[in-house]
Amino acid sequence: MNRFQCVADLQRRHGVKRLCSILGVSRSSFYYWRRTAADRAARQVADARRAARIRAVHQESDGTYGAPRITAELREENGVAVNHKRVARIMRASGIEGIRLRRRHRTTVSDLAAAKAPDLIGRDFTADRPNTKYVGDIT
């Protein structure tokens, strides 16, 4: 539950001014949230419809398409302007992911048979006086 919903639920008992001051929100923000409730509901319905279409396009591509390709596909089909950020947000909320084909580059090939360097200072990095212990790290 968000803070604005809490104010809306309790406003008959305590009043908006008091609840907003307790919850740390401004009254104008609460009234704006209340005024735009219908727009948010319409956006959620549109997102649900778009999520179904995104899921269908993703399945048609055998699960390979990501947000940029799905956005291009939706633009070609309907001719409707759709933002790639909105498609990415809907995909993230629905748990839809494209396939990443890039391989990780292995930068170090360690020799498991090689002898490890001994720990000469015994993991004790404190020194009684200067210039007695020198430690280096080449990672």
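Our structure is the block above this text.
Residues numbered from 1 in each chain as written. Predicted model: local features only at pLDDT ≥ 70, side-chain atom pairs only at ≥ 80, totals over all residues. Heavy atoms only, no water.

1. Remarks on helix H6 (residues 84-94)
Heads up, the condition is: For each residue, the accessible area found with a 1.4 Å probe, counting protein chains only, is set against the maximum for its type, and the residue is called buried under 20%, exposed over 50%, and partly exposed in between. Counting from the N terminus, the helices are DSSP H or I runs at least four residues long and the strands are E runs at least two residues long. Note that the arc is computed from the directions linking the helix axis to the C-beta atoms. For this analysis, residues touch if any pair of their heavy atoms sits within 4.5 Å. Two N or O atoms count as a polar contact when they lie within 3.5 Å, although within protein this holds only if one can serve as hydrogen donor and the other as acceptor, and sequence-adjacent residues are included solely when both atoms are side-chain atoms.
Among all positions in H6, only Val87, Ile90 and Met91 are buried. The arc that holds the buried residues of H6, viewed along the axis, is 100 degrees, so those residues lie on one side. H6 presents Lys85, Arg92 and Ala93 as exposed residues on the side facing more than 90 degrees away from its buried surface. Next to the buried residues of H6 lie helix H4 (37-60) and helix H5 (67-78). At the N-terminal boundary of H6, the capping side chain belongs to asparagine 83, with an oxygen 3.1 Å from the backbone nitrogen of lysine 85. Positive backbone phi, at 80 degrees, marks glycine 95, one or two positions downstream of H6.

2. Quick notes on the pattern of salt bridges
Which entries qualify depends on this criterion: Whenever a carboxyl oxygen of Asp or Glu lies within 4 Å of a side-chain nitrogen of Lys or Arg, that contact is scored as a salt bridge.
Within this structure, the stated rule accounts for 5 salt bridges. Across the pair aspartate 47 and arginine 89 runs a salt bridge whose closest N-O atoms are separated by 3.2 Å. With aspartate 47 in helix H4 and arginine 89 in helix H6, this residue pair connects regions lying 42 residues apart in the sequence. The closest approach of N and O atoms between arginine 53 and glutamate 77, which form a salt bridge, is 2.4 Å.

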